[in-house]
Amino acid sequence: MTDKTDLSHNSGQLGFAFFSAASEATTPRQGNGSRTQASLAPLLPHFQAICLETPLDEVDQELLPLLELCESVLTRALDVARKRGAQGWSEAEYRSLRGIGQAQWLLIEGQAKKR
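Cut-offs and rules
Residues numbered from 1 in each chain as written. Predicted model: local features only at pLDDT ≥ 70, side-chain atom pairs only at ≥ 80, totals over all residues. Heavy atoms only, no water. pLDDT = per-residue confidence, 0-100. Helix = DSSP H or I, 4+ residues; strand = E, 2+ residues; numbered from the N terminus. Contact = heavy atoms within 4.5 Å. Disulfide = S-S within 2.5 Å. Buried < 20%, exposed > 50% of the residue type's maximum accessible area, 1.4 Å probe, protein only. Salt bridge = Lys/Arg side-chain N within 4 Å of Asp/Glu carboxyl O. Polar contact = N/O pair within 3.5 Å; in protein donor to acceptor, adjacent residues only side chain to side chain.

*Asks:* Before we move on, could you go through the confidence of the model for the chain and cite the residues and values that matter?
*Replies:* Chain-level statistics for the chain give a pLDDT mean of 76 and a share of 69% at 70 or above. For the chain, the element scoring lowest by mean pLDDT is helix 2 (residues 17–25), at 41; helix 4 (residues 56–61) scores highest, at 93. Predicted confidence is poor over residues 1–31, with pLDDT under 50, and the contacts of this stretch with residues over four places away or in other chains come to 43 contacts.

*Asks:* Explain the state of the cysteines residue by residue, including any values.
*Replies:* Tallied over the full model, the rule gives zero disulfides. In this structure C51 is not part of a disulfide, and its nearest cysteine sulfur, from C70, lies 7.3 Å away. On the basis of relative accessible area, C51 is assigned to the partly exposed category, the value being 27%. According to the relative accessible area criterion, C70 is partly exposed, its value standing at 48%.

*Asks:* Requested: an account of the pattern of salt bridges, with residues and values cited.
*Replies:* If you walk through the whole model with that rule in mind, you get four salt bridges. A salt bridge links D79 to R76; the shortest N-O distance between them is 3.2 Å. Here R76 and D79 lie together in helix 5 (residues 63–84), a separation of three residues that amounts to about one turn. Ionic pairing is found between E91 and R95, a salt bridge with its closest N-O pair at 3.4 Å. A residue pair is termed a helical-turn pair when its members lie 3 or 4 positions apart in one helix, as E91 and R95 do in helix 6 (residues 91–114) at four residues. Relative accessible area serves as the criterion here: at 62%, E91 is assigned to the exposed category. Here the salt bridges share partners, and the residues they tie into one network are R76, D79 and R82.

*Asks:* Before we move on, could you go through the side chain of T54 and cite the residues and values that matter?
*Replies:* Along the chain, T54 turns up in the loop between helix 3 (43–53) and helix 4. Residue class for T54 comes out buried when judged on its relative accessible area of 12%. One polar contact links the side chain of T54 to the main-chain carbonyl oxygen of I50, over a distance of 2.5 Å.

Here it is in structure tokens:
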């Protein structure tokens, strides 16, 4: 099983300089499995801009790693939502989650048409 938290692994797959810079900013895993936490706040807008500005043919070439990244981000978001309990999603978070759900529905519909 691959460790999806290893940023150096992702930098090789995706080829984005962002991941290389992020992995340099984080301390590698120590023997006991712990690592120094880097704040996501400054990284997310930069990564979002890179993803949205990347030409579609480059996205096409790296689609599987990008989908795996989306899957891991969504998994963590759902974990956080469970911790919030009754507080749940903010309106903006709910809109984003709904958009993800619509994208998933379109993918499933497209796969069904191919069969």
